[in-house]
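# Fold and geometry: a report
Below, each chain spelled out in residue letters.
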Amino acid sequence: QVQLVESGGGLVQAGGSLRLSCAASGSIFSINAMGWYRQAPGKQRELVAAITSGGTTDYADSVKGRFTISRDNAKNTVYLQMNSLKPEDTAVYYCNAAVRPGVASPSYRYWGQGTQVTVSS
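Procedures and definitions
Residues numbered from 1 in each chain as written. Predicted model: local features only at pLDDT ≥ 70, side-chain atom pairs only at ≥ 80, totals over all residues. Heavy atoms only, no water. Helix = DSSP H or I, 4+ residues; strand = E, 2+ residues; numbered from the N terminus. Buried < 20%, exposed > 50% of the residue type's maximum accessible area, 1.4 Å probe, protein only. Contact = heavy atoms within 4.5 Å. Areas by Shrake-Rupley, 256 points an atom, 1.4 Å probe, with all protein chains shown as cover. Lys, Arg positive; Asp, Glu negative; His and termini not counted. Charge placed at Lys NZ, Arg CZ, Asp CG, Glu CD. Disulfide = S-S within 2.5 Å. Phe/Tyr/Trp six-rings, centres within 6.5 Å; stacked < 30°, edge-to-face > 60°. Lys NZ or Arg CZ within 6 Å of the ring centre and 35° of its normal. Pairing = 2+ DSSP bridges. Axes fitted to C-alpha atoms, helices over the stretch in contact; angles between N-to-C directions. Core = buried A, V, L, I, M, F, W, Y, C linked by side-chain atoms within 4.5 Å.

Along the chain, the regular secondary structure elements total 0 helices and 11 strands. Along the chain direction, N to C, the helices and strands of the chain fall in the order β-β-β-β-β-β-β-β-β-β-β. Its C-alpha atoms put the chain at 50 × 25 × 25 Å along the principal axes. A burial count over the chain gives 42% of its 121 residues as buried. Restricting the contact set of the chain to residue pairs at least 6 apart, pairs at least 24 apart contribute 56%. Working note: accessible area of the chain is about 6,200 Å², and carbon and sulfur atoms make up 49% of it. In the chain, 11 side chains carry a positive charge and 7 a negative one; their mean positions are 4 Å apart.

Printed below as a string of structure tokens:
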């Protein structure tokens, strides 16, 4: 079993910053891509940023230049540094990871429980 635990959400004023963290634990042989998604009320969950095990990153157009995703492979942890936050960034942010539990196992996607980010105007 694999668990993803997020932290770092909260309430911030527009223009402020927050840093989200997500640590994976449990039966882990390797982790391929890791990413952050978000879901605002009444909207579909959307990809915010993703990073491969080799460090290649991808961002939603709406966050390019403001958010930075990074990871520490030794700690099985992914981070999302969010700067210049806007009210439209308000959402529940979910961590996602593609994990191989064993050397001969396929990769499975796991989700964190979500952390609330609220940006006030």
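What follows is about the state of the cysteines. Tallied over the entire structure, the rule returns 1 disulfide. Two residues share a disulfide in this structure: C22 and C95, whose sulfurs sit 2.1 Å from each other. Judged by the sign of its S-S torsion, about -80°, the cystine formed by C22 and C95 is left-handed. Placement of C22 in strand β3 (residues 18-26) and of C95 in strand β9 (residues 91-100) is noted, with a sequence separation of 73 residues between them. As far as the burial class goes, C22 and C95 line up, both buried.

The next thing to look at is the packing of aromatic side chains. This structure, assessed with the given rule, holds 1 aromatic pair. A cation sits over an aromatic face here: R45 above Y94, 3.7 Å from the ring centre.

Paired through their backbone hydrogen bonds, the strands of a sheet run either parallel or antiparallel. With antiparallel pairing, 4 strands are arranged side by side in an open sheet as β1-β3-β8-β7. Single-partner strands in this sheet number two, and they are β1 (2-7) and β7 (67-72). Strand after strand, the sheet turns through a mean of 15° between neighbouring axes, direction not considered.

As a further point, take the nonpolar core. Formed by 31 residues in total, the largest nonpolar core has its most connected members in W36, L80, M82 and Y93. Among the elements of the structure, β1, β3, β4 (30-39), β5 (46-51), β7, β8 (77-82), β9 and β11 (115-120) are those that each provide at least two residues to this core. Looking at this core, the element that brings in the most residues is β9, giving 5 residues.

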